[in-house]
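Residue strings, one per chain:
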There are 2 protein chains.
Amino acid sequence: MNMTEPILKERNILNQLKVVCSLCSLRELCLPIGFGPDELQQLDALTGSKRLVKRGEHLYRTGSEFTAIYAIRGGFFKTSVLHDDGREHVTGFHMMGDIMGLDAISTEAHVCDAVALETSEICEIPFDKLSDLSMIMPVLHQNLHKIMSREIAFDHEIMLMLGKMRAEERLAAFLLNLSQRFSARGYSAASFQLRMTREELGSYLGLKLETVSRIFSRFQEEGLIGVQKKLIELKDTDGLKRLLGGLA
Amino acid sequence: MNMTEPILKERNILNQLKVVCSLCSLRELCLPIGFGPDELQQLDALTGSKRLVKRGEHLYRTGSEFTAIYAIRGGFFKTSVLHDDGREHVTGFHMMGDIMGLDAISTEAHVCDAVALETSEICEIPFDKLSDLSMIMPVLHQNLHKIMSREIAFDHEIMLMLGKMRAEERLAAFLLNLSQRFSARGYSAASFQLRMTREELGSYLGLKLETVSRIFSRFQEEGLIGVQKKLIELKDTDGLKRLLGGLA
DNA sequence: GAAACGATTTGATCCAAATCATAATCCGTG
DNA sequence: CACGGATTATGATTTGGATCAAATCGTTTC
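Note that the structure is a prediction, hence the values are computed from the model and not measured.

## Notes on the protein's contact with DNA strand D
Next up, step 1: Taken together, 17 residues sit near DNA strand D, with A167 and T211 of chain A together with R198, S217 and K229 of chain B positioned nearest.
Next up, step 2: Taken together, the sugar and phosphate atoms account for 67% of what DNA strand D places within 4 Å of the protein.
Next up, step 3: Between DNA strand D and A167 of chain A, the relevant distance is 2.6 Å, taken from a phosphate oxygen to a main-chain nitrogen or oxygen of the residue.
Next up, step 4: Take S213 of chain B: an N or O atom from its side chain is 2.8 Å from a phosphate oxygen of DNA strand D.
Next up, step 5: Elements supplying a minimum of two residues to the surface near DNA strand D: α8 (209–221) of chain A together with α8 (209–221) of chain B.
Next up, step 6: Across the surface near DNA strand D, the residue classes tally to 3 nonpolar, 5 polar and 9 charged.

Below, the structure is given as structure tokens:
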């Protein structure tokens, strides 16, 4: 073996990385562990096919062909399914650092709508390219599995919430989770802006919008949170946690 | 390049396949698409580390180290999480052909208990070996993604059920899903034995056991199903589907 | 800047499922 | 096979959240 082969291989990887829209977004997001410093620098240096999705626009729709997964660089999305009778069910809220579209791999068609709740920047990652690439980059391969596994585990938490918690507990759990996610991304854990309506939040939590509104008011009376329209301030995190009691 | 290298590689794969407990179980189950006839025959010929789990025994427990995923060759499992206050929440029912343990990849520790509801035969698949192997077998790699993706999509359906459906709709949806799963495995779609108690079923569906019992009785009065203890007979599948209305 | 529409809050009433209670039945085990 | 605990069925009552209703507040839009 001579030295040219590894170099060629290296170059090939770099080319593919470009195609793969740059993993700079992935670096910031969910795939950071395990790359060496050099690899990280290379990933960072690459610029990829980013795209703006304006508030209210669809990133993808139910039934459209699955070709890519999407890393959110900034902004806020909801995913939802629409029923025959016109009712909407919100299946998730997604922010900077989250990956969307993983549930479509098995059917090769998207199974929900993804809509931007504010103007957002996303990074499109062609899945076949990512898949090929992960065959030669073990770390990427592992991280891909971890991301999917994390989504499964997170969904199980949601199922617990929907199946076992009362309305107050659901709201408390939601606020604490959102706070924690903002905090993990460098934003304030105590104060944040909701991007969704009461109706969308209710749909996600299995509640009616009136119930969401009432419980926000009640939490405010009890000094647990401050509410000004969409601006939420967590005033007594321990109190909220106490509400959850024995549940997770 | 000479001819020895591919042959060595091939042998290496076969050795690893043995370690990987044999993919014969996987063949029957969730990874069947994409292997050539020769590969399939080889997979079938291999016998792997199967294990019996008796009724009531744990396959794994919350917090135990994640080392393997499990393919069910026969039998029936529930997965559940236990809360501080002693309450149990059932997160899933699993039968022949299902893969369990995927939600533990990200944390490297199991996040739920898996208990056999009847004496069952499982195949343990060491995950690091499977992961290595999938690096050199693209089809295995793809199928692994598909399985995980399918689990995510299925969980979204459960979330819909828990968030939007009334008790009757949940039971109807559950019975139809179970029937369809039995049917896909070659068993009768119209008549089957429930392996779980009313309480476990209620826990899974977000209902109390009394509600489950009452609705089974009501369905029977209406001629939708026949119930004799745990033996369920679907008498009017269309009627059950009609109950679901616009949902799913 | 007024009009129009959407989002939120709050009140009154209703209902599905939980809870409480009691049998009846099943099934594992000594 | 008879005992005892677990499971199921069913009735009576309670209640949390849905539904119906109306007023207020915001924010597009023309």
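## Some points on the sheet that holds strand β8 (residues 225–228) of chain A
Residues and elements named next belong to chain A.
Next up, step 1: Spatially, 3 strands are ordered β7-β9-β8 in an open sheet, and the strand pairing comes out antiparallel. The sheet terminates laterally at β7 (191–193) and β8, the two strands that pair on one side only. In this sheet, neighbouring strand axes are inclined to one another by 15° on average, regardless of whether the strands run parallel or antiparallel.
Next up, step 2: For β8 and strand β9 (residues 231–234), the ladder comprises 4 bridges, and the chain directions are antiparallel. Bridge pairing in β9 links Q228 to L231.

## Some words on the relation of the copies chain B and chain A
Next up, step 1: Of the two same-sequence chains, chain B is brought onto chain A (RMSD 0.0 Å, axial shift 0.0 Å) by a rotation of 180°. Interpreted geometrically, this transformation is the action of a two-fold axis.
Next up, step 2: Residue by residue, 100% of the interface of chain B is reproduced at the interface of chain A, so both copies engage with the same surface.

## Observations concerning the protein's contact with DNA strand C
Next up, step 1: By nearness alone, 18 residues border DNA strand C, and S217 and K229 of chain A together with A167, T211 and R214 of chain B come closest of all.
Next up, step 2: In the model, a base nitrogen of DNA strand C is placed 3.0 Å from a nitrogen or oxygen of the R214 of chain A side chain.
Next up, step 3: The leading source of residues in the surface near DNA strand C is α8 of chain A, at 5 residues.
Next up, step 4: Of the residues belonging to the surface near DNA strand C, the class tally is 3 nonpolar, 5 polar and 10 charged.

Basis of the calculations
- Residues numbered from 1 in each chain as written.
- Chains lettered and ligands numbered in written order.
- Predicted model: local features only at pLDDT ≥ 70, side-chain atom pairs only at ≥ 80, totals over all residues.
- Heavy atoms only, no water.
- Near = heavy atom within 4 Å.
- Polar contact = N/O pair within 3.5 Å; in protein donor to acceptor, adjacent residues only side chain to side chain.
- Helix = DSSP H or I, 4+ residues; strand = E, 2+ residues; numbered from the N terminus.
- Nonpolar A, V, L, I, M, F, W, Y, C, P; charged D, E, K, R; others polar.
- Pairing = 2+ DSSP bridges.
- Axes fitted to C-alpha atoms, helices over the stretch in contact; angles between N-to-C directions.
- Least-squares fit on C-alpha atoms with pLDDT ≥ 70 in both.
- Contact = heavy atoms within 4.5 Å.

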